[in-house]
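Fold and geometry: a report
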Amino acid sequence: LKDPDGKAIPELKGFYFPKEFEDTFTRVYQAFFGDEAAKNLIQYHDKILTVWERWALATPGYHARNFYSDTFSGAMEYGMDFFKPKRWQDAFNTVVLKKPIKVNGVTYTYDDLVKAGIPVGTQTATEGGLKMGRPATVLEKVSPAQYSLKAGNYREGLGRTVAGIIELERGGTLIDAAFTV
C-alpha cells in the first residue's frame, strides 16, 4: 500500500500487501468506513439489531427453540447416551446447585468446568443482562424477562455440560470436553 504508516487505513498500519491489493482495500475501506453516510447506516443497523437481540433473549420462545435444537444436536452426536438421567442430574448439580460432580473417579467443581471453557450456563446471562447495558437486577424486576433469562441460562448450561460429561466419561480431558460443547 502507498501508506504503510496507516494514515489512509489505520487498521492496516504496519502490514504490507502486494500493490494489486491497494485499490481493493481502499475501495472497501471507503465504502464501509470512509463515507459518513455509510457509517451512520451501519450504526443505525447496529442499534436496531441490538434492540431486536435484547427482546429475543427475553422471550421464552427463543430458549424453547434452542432447547429443541440443542437436544436434537446432542442426540445426533451422542445418540441415547445424551439422554442418560444421571448425566442430566450431574449437569443440574453443577450448573444450578454449583456442586462438584464425580466422573470416572475424578471430582470436578463448577469452577473447574468454567476454567476449562465448558459454558455452564453463563453465556445467556451475559448476553441478556450485560448486553442490554443494565445490571441484571433491573431485568429481574420484570418477571417474564427474569424467568426467560434464567430458564435460558439453565437450558444452555445443562445441555452443554451433559455433552462435556459424556466426553469426560469416554476418557477425554477437560479440554476435550470443552471443545465438544
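For the structure, check the block above.
Residue indices begin from 1 for each chain and proceed along its sequence in written order. Thresholds applied to this predicted model are a pLDDT of at least 70 for local features of residues and 80 or more for the giving and counting of side-chain atom pairs; totals over whole chains, interfaces and linings are not thresholded and use all residues. With hydrogens and water set aside, each side-chain value is computed from the structure's full complement of heavy atoms.

A closer look at the overall build of the protein chain
The criterion, for reference: Numbering of helices and strands starts at the N terminus; helices are DSSP runs of H or I of at least 4 residues and strands are runs of E of at least 2. Only protein chains enter the accessibility calculation, which uses a 1.4 Å probe; a residue is then buried when its area is under 20% of its type maximum, exposed when over 50%, and partly exposed in between. When checking whether two residues touch, look at their non-hydrogen atoms; a contact exists if any pair is within 4.5 Å.
Per the secondary structure count, the protein chain includes nine helices and two strands. Mapped from its N terminus to its C terminus, the protein chain presents α and β elements in the order α-α-α-α-β-β-α-α-α-α-α. A burial count over the protein chain gives 31% of its 181 residues as buried. Within the protein chain, residue pairs in contact and separated by at least 24 positions form 56% of the contacts whose partners lie at least 6 positions apart.

As for the environment of Leu-158
By the element assignment, Leu-158 lies in helix H8 (residues 143-169). Leu-158 gets classed as buried once you look at its relative accessible area, which sits at 16%. For the pair formed by Leu-158 and Ala-91, sequence separation is 67 residues and the distance between their alpha carbons is 5.4 Å. Sequence-distant contacts of Leu-158, defined by excluding residues within four places in its chain, comprise Trp-88, Ala-91, Phe-92 and Val-95.

Some thoughts on a nonpolar patch on the surface
Rule in force here: Each patch groups residues whose relative accessible area exceeds 30% and which form no salt bridge, using 9 Å between like charges and 5 Å between nonpolar side chains of Val, Leu, Ile, Met, Phe, Trp and Tyr. With residues, only the protein chains shown are counted as cover, and all accessible areas are computed by Shrake-Rupley using a 1.4 Å probe. Salt bridge, as applied in this entry: a Lys or Arg side-chain nitrogen positioned within 4 Å of an Asp or Glu carboxyl oxygen.
A surface patch of nonpolar side chains, about 360 Å² in accessible area, is lined by Val-28, Phe-32, Phe-33 and Ile-42. With respect to the secondary-structure elements, Phe-32 resides in helix H1 (residues 22-34).

As for the nonpolar core
Let me state the cut-off plainly: Here, nonpolar core refers to any group of buried Ala, Val, Leu, Ile, Met, Phe, Trp, Tyr and Cys residues whose side-chain atoms link them within 4.5 Å.
Judged by nonpolar contacts, the single largest core of 17 residues is most densely connected at Val-103 and Tyr-108. Among the elements of the structure, helix H4 (85-95), strand E1 (101-103), H8 and helix H9 (174-180) are those that each provide at least two residues to this core. With six residues, the single largest contributor to this core is H8. Not counting the four nearest positions on each side in its chain, Tyr-108 is found in contact with Pro-100, Ile-101, Val-103, Leu-113, Leu-168 and Leu-174.

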